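# Results of the structural survey
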Amino acid sequence: MRVPQVFIETFGCQMNEYDTELVRTILKARGYGFTDSADTADVVLLNTCAIRENAHNKVYGHLGKLKPLKEERGLVIGVLGCMAQNLKQDLLAGDSLIDVLVGPDSYRALPDLLERAAGGRKGMVVDLSEYETYADIVPDRIEGITGWIAVMRGCDNFCTFCVVPYTRGRERSRDLIGIVREAEALAASGCKQVTLLGQNVNSYGDGSHDFADLLLAVADVRGIERVRFTSPHPKDFPDKLLEAVAGHPKICKHIHLPLQAGNDRILQLMNRTYTRTEYLALLDRIRQRCPAIVLTTDIIAGFCSETEAEFAETYDLVQGVEYHSAYIFKYSERKNTIAARKFADDVPDAIKAERVARLVELQRGISLKKNRALIGQVVEVLVEGDGKRSDQWRARTEGNIVTVFPQTPFPFSDPIKPGSLISVHITDATVTTLYAQAV
Ligand code: 5AD
Ligand code: SF4
């Protein structure tokens, strides 16, 4: 019998990439095969993101493109992930192309739904769970130098702008021992760098261990050379965690610490639970304990009722802190969130865009300055693979900065390969990239 072929396209964050690996395992166990194009597929699954408006639009765009294939060959179309959870009936309504909708806690139901859909019956499972962590499912990953492990799922913080608590439900953590086993399996397959993932990763706790315990345990796995984590919340940064990051040579000296806004009234409206002063005090504590730390952040511009003077406080903070890089977003109202229910989305779009542009401009200058300051230094990088040009290697510094350097030309054999951890001499820099020579 011919094996039905599935094509999965993944949108959004690393957690979604990880979930796609889980879905592959679940489907493989039920006899499905995989293909890398919708043209050769019997089933197309879109693993979706709901964090901002443009994430939604991308998915609608893709669905439109699948329409002719569906009409021609009766393709089965499934929408997975955050958008499925958030839009439920809306997505299935009317003459929708979608046959199957499955939320992030319900992937075990997918094979049954696909079988029913092949017989012409649409269906959805969007139950959120307080327990589902998929801890028993080994992700079907493409072997490589880097891998990720979801250590906790969901979020209980209810930042007022954020849809995650509604699409991914309550916080729950896996047992430390299962995570360490997964890291050991990654190391055995040649993986050198593990990234621990969670919507609120540093509130991890399995009853006996906290996040610092987990980081140290994973960093001690033989064969793993680098450990990263994303994304932490500023509220969960005890000294113990800082000691772990500062003290363990395999934990990267890089912290992505979402700021969101630099003004106290806006921070409070966002329910971020810290003030500007408290956030800055945390950065001081981090920099004192670990002067080499590379800091990056997330910022939202144009949140409900944000005035020019309040935005100026965010601008001023970014100027003062000098993050190495920053993701800067225009506020995008999300259905069901507290902000959508309680506050007016009243900053005009043009002003939001202008604030984003000003921050991006500021940050680009800072990123360039910081990267240029590395010229002349020797730094350690992990080689990930070929660069855009195949005669170059693409690598990353401990601070996660992309670094490019020449490969040894044929006919000489290059001692460097993906997975090598080597010293390079930085010779040039742009806003996003370091250029180097192997030492
Ligand atoms: N609008 C704009 N940005 C958002 N983020 C989360 N929700 C929204 C929203 N509604 C941003 C935050 C978060 C990052 C992952 O996405 O900055 O840290
Ligand atoms: Fe969303 Fe806030 Fe939770 Fe991050 S911490 S996932 S921004 S609610």
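Residues numbered from 1 in each chain as written. Chains lettered and ligands numbered in written order. Predicted model: local features only at pLDDT ≥ 70, side-chain atom pairs only at ≥ 80, totals over all residues. Heavy atoms only, no water.

## Observations regarding the packing of helix α10 (residues 276-289) against helix α11 (residues 308-321)
It is at 13 Å that the axes of α10 and α11 come closest, and there the two elements cross at 10°. Taken as axis vectors, α10 and α11 run roughly parallel relative to one another. Judged by residue contacts, Arg-276, Leu-280, Leu-283 and Arg-287 of α10 engage Glu-313, Thr-314, Asp-316, Leu-317 and Val-321 from α11. (Axes fitted to C-alpha atoms, helices over the stretch in contact; angles between N-to-C directions. Helix = DSSP H or I, 4+ residues; strand = E, 2+ residues; numbered from the N terminus. Parallel < 35°, antiparallel > 145°, perpendicular 65-115°, else oblique. Contact = heavy atoms within 4.5 Å.)

## Some thoughts on the site of ligand 2
Near ligand 2 you find Cys-155, Asn-157, Phe-158, Cys-159, Phe-161, Cys-162, Val-164, Pro-165, Gln-199, His-233 and Arg-272, and these make up its full shell. Of the residues belonging to the shell around ligand 2, the class tally is 7 nonpolar, 3 polar and 1 charged. (Near = heavy atom within 4 Å. Nonpolar A, V, L, I, M, F, W, Y, C, P; charged D, E, K, R; others polar.)

## A closer look at the layout of surface pockets
In this structure, the second largest pocket encloses a volume near 450 Å³. Around the second largest pocket, the lining comprises 22 residues; the ones closest to its centre are Ala-292, Ile-293, Val-294, Leu-374 and Gly-399. Contributions of two or more residues to the lining of the second largest pocket are made by β13 (294-301) and β15 (378-386). For the lining of the second largest pocket, the leading source of residues is β15, giving 3 residues. Within the lining of the second largest pocket, the residues separate by chemical class into 11 nonpolar, 4 polar and 7 charged. (1 Å grid on protein atoms, 1.4 Å probe; cavity = no way out; pocket = protein on both sides within 12 Å on 5 of 7 lines; lining within 4 Å. Points joined across faces, edges and corners; volume = space filled by probe spheres on them.)

## Description of the packing of aromatic side chains
For the structure shown, the criterion picks out 9 aromatic pairs. Seen from their ring centres, Phe-211 and Phe-229 are 5.3 Å apart, and the 75° between their planes marks the pair as edge-to-face. Of this pair, Phe-211 sits in helix α7 (residues 211-219) while Phe-229 sits in strand β11 (residues 226-230), and the two are 18 residues apart along the sequence. Side by side, Phe-211 and Phe-229 carry an identical accessibility label, which is buried. Three or more aromatic residues joined by ring pairs make a cluster, and in this case those are Phe-161, Phe-303, Tyr-331 and Phe-343. One Lys or Arg, Arg-52, reaches over the ring of Phe-329 and ends 3.6 Å from the middle of that ring. (Phe/Tyr/Trp six-rings, centres within 6.5 Å; stacked < 30°, edge-to-face > 60°. Buried < 20%, exposed > 50% of the residue type's maximum accessible area, 1.4 Å probe, protein only. Lys NZ or Arg CZ within 6 Å of the ring centre and 35° of its normal.)

## Concerning the nonpolar core
Leu-45 and Leu-196 are the most contacted members of the largest nonpolar core, which totals 92 residues. If sequence neighbours within four positions are ignored, Leu-196 has contacts with Ile-149, Val-151, Val-201, Phe-211, Leu-214, Leu-215, Val-218, Val-227, Arg-228, Phe-229 and Thr-230. (Core = buried A, V, L, I, M, F, W, Y, C linked by side-chain atoms within 4.5 Å.)

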